[in-house]
Amino acid sequence: MTARFDIIVIGGGIAGLSAAAMLAEHAQVVVLEAEEQIGFHSSGRSATMVHYALGDRVVRALTQASRVFFENPPDGFGDIPLGRRMPVLIHARDDELADLDALEADIAPFATLDRLDSRGVHELCPLLKDDARHGLADRNGIRLDPHALLQGNLRQLRSRGGELHTGSRAAAIEYQARVWSVRTDKGDKYSAPILINAAGSWADQVARLAGVQPLGLEPKRRTIITFDAPAGTILEELPFAKTVGEELYFAPESGRLFASPMDEVPSDPCDAQPDEYEVALAAHRMEERTTLKVDRIHSRWAGLRTFTPDRKPAVDFAIDAHGFFWLAGQGGFGLQTSPAMAAIVESLIVGTPWPIPDVDPSELLADRFLGQPA
Ligand SMILES: Cc1cc2nc3c(=O)[nH]c(=O)nc-3n(C[C@H](O)[C@H](O)[C@H](O)COP(=O)(O)OP(=O)(O)OC[C@H]3O[C@@H](n4cnc5c(N)ncnc54)[C@H](O)[C@@H]3O)c2cc1C
């Protein structure tokens, strides 16, 4: 028997769940997630920051528009705060000063920034070496609780009558008589006139299953390690500290520190695992940029950040398939932009007013990649 819905969402990461939770207010929605738990892939492996030191103007505008949601989640989302304040410090050596100036100009329209001299940098982050002589501080950074965010969306989805089916990998997808039919690897069947592809790193694979032209998405692996901070470090006062270039970030994490060498290693969609080289690189860069010795790595993990060719997300109906909606390419900003992205999905599918005045819908069109080799 086929279960009929108005909208099928493929993917139970933050993208699929947040869009489904919004849409469930207007329609019968089901989310199909291949794994037994939500957020098992990218959404459960991130650095969980809300900050402006990544992406372009569009990503920053989506981030800015999402902040109000994190600070004041809607009723029924749950009682656990979605995040806590953590300052963001972008630091630079003398030879990186021009890059810091350029980044300041890019971020200034979105955040209140303090320009710091060497003393200010080291007051905020005493672990940095003396050559970190310039800094930009955004004191309003947010460290998200991804579990609270995922569970809040799930709670809202269910309270609005929507369904989540885990352990349900979409294995075959067909379009006939204006209806999408999905068969899972368990043999369950679902149908709906609208299919949302929120399959993260697998979104191009899902498109191929559906006979839709892929976008040329590029999953890239990123690695994180955790280790002990030196005795006496007041972890609660440390910022999320990032080099002005794409080299290293670190921050406090559950009584320790975490660090990433900001690797972007091309990968097939998979259950990403850390590679020894990037693990060692993270420790090496920590020792290069801070006064710390990383004697023992406590834990390590890796996840995929999946980009479109121009590194802006694709949020739009496919031009080559009726009712097939792309929600893909959230790169390294999928958590911090998820409320704005979900509001955009709602607007394009239900017809609510366009929610982000600073972003033009044309900037997110999926068809901008059509005709390019994928
Ligand atoms: C190390 C690291 C650091 C990061 N730091 C940040 C950060 O600080 N701030 C930030 O905002 N973002 C950050 N990100 C990025 C963020 O995690 C992602 O952009 C976001 O999680 C993407 O969400 P998603 O729902 O698209 O993908 P996912 O969470 O991967 O969800 C996609 C889901 O689709 C499912 N799926 C795939 N194929 C099928 C199928 N055929 N049928 C059913 N289900 C299927 C998968 O099982 C998966 O659960 C980071 C990512 C990494 C890896």
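Rules and cut-offs
Residues numbered from 1 in each chain as written. Predicted model: local features only at pLDDT ≥ 70, side-chain atom pairs only at ≥ 80, totals over all residues. Heavy atoms only, no water. Helix = DSSP H or I, 4+ residues; strand = E, 2+ residues; numbered from the N terminus. Buried < 20%, exposed > 50% of the residue type's maximum accessible area, 1.4 Å probe, protein only. Contact = heavy atoms within 4.5 Å. Areas by Shrake-Rupley, 256 points an atom, 1.4 Å probe, with all protein chains shown as cover. Lys, Arg positive; Asp, Glu negative; His and termini not counted. Charge placed at Lys NZ, Arg CZ, Asp CG, Glu CD. Pairing = 2+ DSSP bridges. Axes fitted to C-alpha atoms, helices over the stretch in contact; angles between N-to-C directions. Salt bridge = Lys/Arg side-chain N within 4 Å of Asp/Glu carboxyl O. Domains from an automatic or database assignment. Buried area = accessible area lost by both parts, 1.4 Å probe. Polar contact = N/O pair within 3.5 Å; in protein donor to acceptor, adjacent residues only side chain to side chain. Nonpolar A, V, L, I, M, F, W, Y, C, P; charged D, E, K, R; others polar. Phe/Tyr/Trp six-rings, centres within 6.5 Å; stacked < 30°, edge-to-face > 60°. Lys NZ or Arg CZ within 6 Å of the ring centre and 35° of its normal.

Participant: Where do I start with the overall build of the protein in this structure?
Facilitator: Within the protein one finds eight helices and 22 strands. When its C-alpha atoms are laid out on the principal axes, the protein stretches across 65 × 45 × 40 Å. The proportion of buried residues among the 374 residues of the protein is 55%. In the protein, of all internal contacts separated by at least 6 residues, the share reaching a separation of at least 24 is 71%. Counting every atom, the protein has about 15,700 Å² of accessible surface; 49% of that belongs to carbon and sulfur. Taken together, the 37 basic and 53 acidic charged side chains of the protein have centroids lying 2 Å from each other.

Participant: What am I meant to see in the sheet that holds strand β4 (residues 49–50) here?
Facilitator: Sheet strands pair via backbone hydrogen bonds, and the direction of the pair is either parallel or antiparallel. Across the sheet, which stays open at both edges, the three strands sit in the order β4-β9-β5 with antiparallel pairing between neighbours. Every other strand in the sheet has two partners, leaving β4 and β5 (83–85) as the edge strands with one partner each. Sheet topology note: the β5/strand β9 (residues 142–144) ladder contains three bridges and is antiparallel. Opposite arginine 85, over in β9, you have isoleucine 142 as the bridge partner. This element, helix α2 (residues 57–71), spans β4, β5 and β9 of the sheet and lies at about 65° to β9.

Participant: How do you make sense of the pattern of salt bridges when you look at a structure like this?
Facilitator: Side chains that differ in sign of charge can pair as their charged atoms come close. Inspection of every chain in the model, using the stated rule, returns 27 salt bridges. Among the ionic pairs, glutamate 96 bridges to arginine 289, the shortest N-O distance being 2.7 Å. On the criterion of sequence distance, the pair formed by glutamate 96 in the loop between β6 (88–92) and α3 (97–107) and arginine 289 in helix α7 (residues 276–289) is long-range, its members being 193 residues apart. Of the charged contacts, one joins glutamate 218 and lysine 220 as a salt bridge, the two residues approaching to 3.4 Å between their closest N and O atoms. Shared partners join several salt bridges into a network, and the residues in it are Arg93, Asp95, Glu96, Glu247 and Arg289.

Participant: I'm lost on the domain arrangement of the protein in this one. Help?
Facilitator: Accessible area lost during the coming together of the parts is what is often quoted as the interface size. Its domain assignment divides the protein into domain 1 (2–47 + 146–215 + 310–369) and domain 2 (87–140 + 218–307). The distance between the C-alpha centroids of domain 1 and domain 2 comes to 31 Å. Taken together, the contacts link 15 residues of domain 1 with 17 residues of domain 2. Both faces considered, domain 1 and domain 2 share a buried interface measuring about 1,300 Å² in area, 53% of it formed by carbon and sulfur atoms. For domain 1, the biggest contributors to the area lost against domain 2 are Arg45, Ser201 and Arg311; these three give 45% of the whole. The partner of arginine 45 in a salt bridge is aspartate 271, with the nearest N and O atoms 2.7 Å apart. Where domain 1 touches domain 2, the interface holds nine residue pairs in polar contact (both at pLDDT 80 or more). Tallied by class, residues from the side of domain 1 that touches domain 2 come to three nonpolar, ten polar and two charged.

Participant: What's the story with the packing of aromatic side chains in this structure? I'm lost.
Facilitator: The description of an aromatic ring pair rests on the distance of the ring centres and on the angle between the ring planes. Here the structure, examined in full by the defined rule, presents ten aromatic pairs. Note on phenylalanine 69 and phenylalanine 70: the rings are 6.4 Å apart at their centroids and 90° apart in plane angle, and the pair reads as edge-to-face. Among the residues examined, phenylalanine 70 registers a relative accessible area of 5% and is labelled buried. Summarising the aromatic geometry, the rings of phenylalanine 317 and phenylalanine 325 are spaced 5.0 Å apart at their centres and angled 85° between planes, so their arrangement reads as edge-to-face. An aromatic cluster of three or more residues is present, and its members are Tyr175, Trp180, Phe324 and Trp326. Looking at arginine 45, its charged tip hangs above the ring of phenylalanine 40, at a distance of 5.2 Å from the centre. One residue, arginine 311, lies across the ring of phenylalanine 307, its end atom 3.8 Å from the ring centre.

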